Amino acid sequence: QVQLVESGGGLVQAGGSLRLSCAVSGRTVSTYASGWFRQAPGKEREFVAGCSRSGSTINYADSVKGRFTISRDNAKNTVYLQMNSLKPEDTAVYYCAADVHYAIPRIDPRVYDYWGQGTQVTVSS
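Residues numbered from 1 in each chain as written. Predicted model: local features only at pLDDT ≥ 70, side-chain atom pairs only at ≥ 80, totals over all residues. Heavy atoms only, no water.

This part covers the pairing of strand β4 (residues 33–39). Most of β4 is tucked away, with 6 of its 7 residues classed as buried. Note: β4 against strand β9 (residues 92–99), 7 bridges, orientation antiparallel. The partner of Arg38 across the bridge, within β9, is Tyr94. In this structure, β4 lies alongside strand β5 (residues 46–51), joined through 5 bridges in antiparallel fashion. Bridge pairing links Gly35 to Gly50 in β5. The antiparallel pairing of β4 with β5 creates a hairpin that spans 6 residues between the two strands, and Gly42 there sits at a positive phi of about 80°. (Buried < 20%, exposed > 50% of the residue type's maximum accessible area, 1.4 Å probe, protein only. Helix = DSSP H or I, 4+ residues; strand = E, 2+ residues; numbered from the N terminus. Pairing = 2+ DSSP bridges.)

Note on soluble globular proteins: their nonpolar side chains tend to be buried together. If you look at the biggest cluster of nonpolar residues, it comprises 29 residues, and the most contacted ones within it are Trp36, Val48, Phe68, Leu81, Met83 and Tyr94. Among the elements of the structure, β3 (18–25), β5, β7 (68–73), β8 (78–83), β9 and β11 (119–124) are those that each provide at least two residues to this core. Contact partners of Val48, with chain neighbours within four places excluded, come to Trp36, Phe37, Arg38, Asn59, Tyr60, Ala61, Val64, Phe68, Leu81 and Tyr94. (Core = buried A, V, L, I, M, F, W, Y, C linked by side-chain atoms within 4.5 Å. Contact = heavy atoms within 4.5 Å.)

Below you can see the structure in the form of structure tokens.
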């Protein structure tokens, strides 16, 4: 059974940084596509960043390009999301997810098979 556990969320001022971690058990991170999503109150869950199975393809939502970086440590079986220059509109619950059926990260949350419990990120103005 695959389990994903996020950590690293918190309260930060606009312009600050946070690094989210997603520790994975039950499956090696290099065997599936990884995704980070977020969901703000009253809004649908949206794609933030994704990394392919091989690690060679990385995608970002336009709203976070140049500010967020997804990375992966295969030895630690962990996926990270480095978030810089945070804005109040980045406030949301952030989730990591695993798509075990496809090698390339997809933006539709419905195709992902496993999800973490989420971690709250709050950016104050």
